Amino acid sequence: MTIEECYQAMGADYEDVSHRIPNPALVKKFALKFLDDKSMEQLTAALKDGAVEDAFRAAHTLKGLCLTLGFTRLAKPSIELTELLRGRRMDGYEPLYEQVVAEYEKTVAALRQVD
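Each value, and the rule that gives it
Once a new chain begins, its residue numbering starts again from 1 and follows that chain's sequence as written. Selection of residues for local features in this predicted model requires a pLDDT of at least 70, selection of side-chain atom pairs for listing and counting requires 80 or more, and totals for whole chains, interfaces and linings are taken over all residues. Processing note: side-chain calculations cover all non-hydrogen atoms of the structure and skip hydrogens and water entirely. Put simply, a salt bridge is a Lys or Arg side-chain nitrogen that is within 4 Å of an Asp or Glu carboxyl oxygen. The rule is simple: take the accessible area with a 1.4 Å probe, protein chains only, and divide by the maximum for that residue type; under 20% is buried, over 50% is exposed, in between is partly exposed. Any pair of Phe, Tyr and Trp rings, taking the six-membered ring for Trp, is counted once the centres come within 6.5 Å. Such a pair is stacked with planes under 30 degrees apart, edge-to-face with planes over 60 apart, and tilted for the rest. A helix here means a DSSP run of H or I that spans at least four residues, while a strand means a run of E at least two residues long, and both kinds are numbered starting from the N terminus.

1. Points about the pattern of salt bridges
Moving on, step 1. Summed over the entire model, instances satisfying the criterion amount to ten salt bridges.
Moving on, step 2. With a closest N to O distance of 3.2 Å, Arg89 and Asp91 form a salt bridge.
Moving on, step 3. Given a relative accessible area of 40%, Arg89 falls into the partly exposed group.
Moving on, step 4. A network of salt bridges, in which partner residues are shared, links Glu53, Asp54, Arg57 and Arg88.

Here it is as structure tokens:
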């Protein structure tokens, strides 16, 4: 699958990212580096441990990566979770976290299919 097909498969905005990163090879390079990012693991661990500050930092990093890379569908719940955690509150995070996990899994699955 090409990087453009990958973006289409995951409901991401290739056109948007191509304005920031006009070289398709670089889009591919940076998008695939997302697979190595540890923000999701850190978010999961911090939420499990009740470490709201660490969870906020991880969610904020994940949000920033998604916005930079045009991962629109993953960005939306990441933004919402980040804003909840920004208030140093964890009450009610579960539905947002579940949305983040679902979109993260779709994103990673699509990225793993890139040639």
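2. Focus on the packing of aromatic side chains
Moving on, step 1. Tallied over the entire structure, the rule returns five aromatic pairs.
Moving on, step 2. With centroids separated by 5.4 Å and ring planes inclined at 80°, the aromatic side chains of Tyr7 and Tyr14 adopt a geometry described as edge-to-face. Tyr14 shares its class with Tyr7; the two are buried.
Moving on, step 3. When the ring of Phe34 is compared with that of Tyr104, the centres are 5.8 Å apart and the planes differ by 55°; the resulting orientation is tilted. Taken together, the positions of Phe34 in the loop between helix H3 (24-33) and helix H4 (39-49) and Tyr104 in helix H7 (residues 93-111) put the pair 70 residues apart, joining distant regions of the chain. Like Tyr104, Phe34 is buried.
Moving on, step 4. Three or more aromatic residues joined by ring pairs form one cluster here, namely Tyr7, Tyr14, Phe34, Phe71 and Tyr104.

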